[in-house]
Amino acid sequence: MVTPLRQMEGRLAVINGRIRDAALRSGRDASAVQLVAVTKTHPAATLVEAYEYGVRLFGESYVQEWMAKAEHPQLVGKSDLQWSFIGSLQRNKVRFLLGRVACIETVHNRRLAGEINKRAMERGGGFRQGVLLQINGSGEASKSGFRPDELRAQLPALLSLRGLRIDGLMHIPAFRPDPEASRADHRALRLLRDELQDAEGTALPELSMGMSGDFEVAIEEGATRVRVGTGIFGERAPRTP
Ligand SMILES: *Cc1c(COP(=O)(O)O)cnc(C)c1O
């Protein structure tokens, strides 16, 4: 009988293989694309297993849940384990994440950026929090993120915040069952990034785009990070608050 844990190992190998193939197809080295293993709602034991299979970068979405995992005895001492925060973040929770996560991927407006900056400056010592700017390419009011025009206008001010290290852009486009249907969205994010780099003369190397259903298309369009949960860990149980 195949146990769920062996199943995880197999799925991870499959996903890593597909990432590598998509990178090679798009003329890049496999190491140019990082896997963010999305473990929201899964217990710490799942992360411990994934770590054994070589996962080093975990994506979490809920601050409270992440803190419990980060403090778990079997995870807390692992100095090469990194966290990426990918959830919707309220300003009053920034202080819990600051300096403890490698990246806050979901900086979706100027006020949140300002709060992270303020906390980082208070910390001092030249500390800069790694972040990505979340883009709402479709402009849907229900979605958070900078609209492209808004970011064009605000990026110079954001780049002047010395407590932030802005590594690039991320987005969460509307889910579409056919991964090809997301290609245009991913391409648009890359083109926006290229444009902003040229306009500001700054490097925005990271593009976090693509999830279980469409990460290969995202890689073909330039993703440097893909955020994969279900494809490795299976379906998530509904979240209990
Ligand atoms: C949950 C989540 C993912 C992972 O989604 P899967 O479809 O399970 O791979 C990726 N990105 C974000 C922002 C998420 O919240």
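Right, let's walk through the structure included here. (Residues numbered from 1 in each chain as written. Predicted model: local features only at pLDDT ≥ 70, side-chain atom pairs only at ≥ 80, totals over all residues. Heavy atoms only, no water.)

### Notes on the overall build of the chain
- Helix and strand content of the chain: 10 helices and 8 strands.
- When the backbone C-alpha atoms are referred to their principal axes, the chain occupies close to 55 × 40 × 35 Å.
- Looking at the chain residue by residue over its 241 residues, the buried ones come to 46%.
- For the chain, the share of sequence-separated contacts (at least 6 apart) that also reach a separation of at least 24 residues comes to 63%.
- Entry remark: accessible area of the chain is about 11700 Å², with carbon and sulfur atoms responsible for 50%.
- For the chain, the centre of its 34 positive side-chain charges and the centre of its 29 negative side-chain charges are spaced 5 Å apart. (Helix = DSSP H or I, 4+ residues; strand = E, 2+ residues; numbered from the N terminus. Buried < 20%, exposed > 50% of the residue type's maximum accessible area, 1.4 Å probe, protein only. Contact = heavy atoms within 4.5 Å. Areas by Shrake-Rupley, 256 points an atom, 1.4 Å probe, with all protein chains shown as cover. Lys, Arg positive; Asp, Glu negative; His and termini not counted. Charge placed at Lys NZ, Arg CZ, Asp CG, Glu CD.)

### Observations regarding the site of the ligand
- Taken together, Val38, Lys40, Ser61, Ile86, Ile172, Met211, Ser212, Arg227, Val228, Gly229, Thr230 and Arg236 make up the full set of residues near the ligand.
- Taking Lys40, its side chain carries an N or O atom lying 2.6 Å from an oxygen atom of the ligand.
- Arg227 is positioned with one of its side-chain polar atoms (N or O) 2.8 Å from a nitrogen atom of the ligand.
- Coverage of the ligand by the protein chains reaches 88% of its 390 Å² of free accessible surface.
- Class assignment for the residues of the shell around the ligand results in 5 nonpolar, 4 polar and 3 charged. (Near = heavy atom within 4 Å. Polar contact = N/O pair within 3.5 Å; in protein donor to acceptor, adjacent residues only side chain to side chain. Nonpolar A, V, L, I, M, F, W, Y, C, P; charged D, E, K, R; others polar.)

### Brief notes about the side chain of His171
- Relative to the elements of secondary structure, His171 occurs in strand β6 (residues 164–171).
- The residues contacting His171, other than those within four sequence positions of it, are Ile135, Asp185, His186, Leu189, Ser208, Met209 and Arg227.

### Quick look at the pairing of strand β4 (residues 103–107)
- When you tally the buried positions in β4, you get 5 out of 5 residues, the bulk of the element.
- Judged from the 2 bridges that link them, strand β3 (residues 82–85) and β4 form a sheet pairing that is parallel. Counterpart to Phe85 in the pairing with β4 is Ile104.
- Summarising the sheet, β4 and strand β5 (residues 129–135) pair through 2 bridges and their orientation is parallel. Bridge pairing links Val107 to Leu133 in β5.
- Handedness of the β-α-β unit built from β4, helix α6 (residues 110–123) and β5 comes out right-handed. (Pairing = 2+ DSSP bridges. Right-handed = clockwise from strand over helix to strand, strands pointing away.)

### A few points about α6
- With 14 residues, α6 extends 20 Å from end C-alpha to end C-alpha; this agrees with the ideal 20 Å at 1.5 Å per step.
- All buried positions along α6 are accounted for by Leu112, Ala113, Glu115, Ile116, Asn117 and Ala120.
- Check the buried side of α6 and you find it contacts α5 (94–97), β4, β5, α7 (148–159) and β6.
- The backbone nitrogen of Arg111 has a side-chain oxygen 3.2 Å away, supplied by the residue at the start of α6, namely Asn109. (Expected span 1.5 Å × (residues − 1).)

### Focus on the packing of aromatic side chains
- Tallied over the entire structure, the rule returns 2 aromatic pairs.
- Here Phe58 and Trp83 contribute two aromatic rings whose centre-to-centre distance is 5.9 Å and whose plane-to-plane angle is 45°, an arrangement assigned as tilted. Residue Phe58 is found in strand β2 (residues 57–60), and its partner Trp83 is found in strand β3; the two are separated by 25 residues along the sequence. Per residue, the accessibility class of Phe58 equals that of Trp83, and both read buried.
- Each ring, one from Trp66 and one from Trp83, has its centre 6.2 Å from the other, and the planes form 80°; the classification is edge-to-face. Of the two residues, Trp66 is situated in helix α3 (residues 63–70) and Trp83 in strand β3; the sequence distance between them amounts to 17 residues. (Phe/Tyr/Trp six-rings, centres within 6.5 Å; stacked < 30°, edge-to-face > 60°.)

Everything listed here is a matter of coordinates, which is why it stays silent on function.
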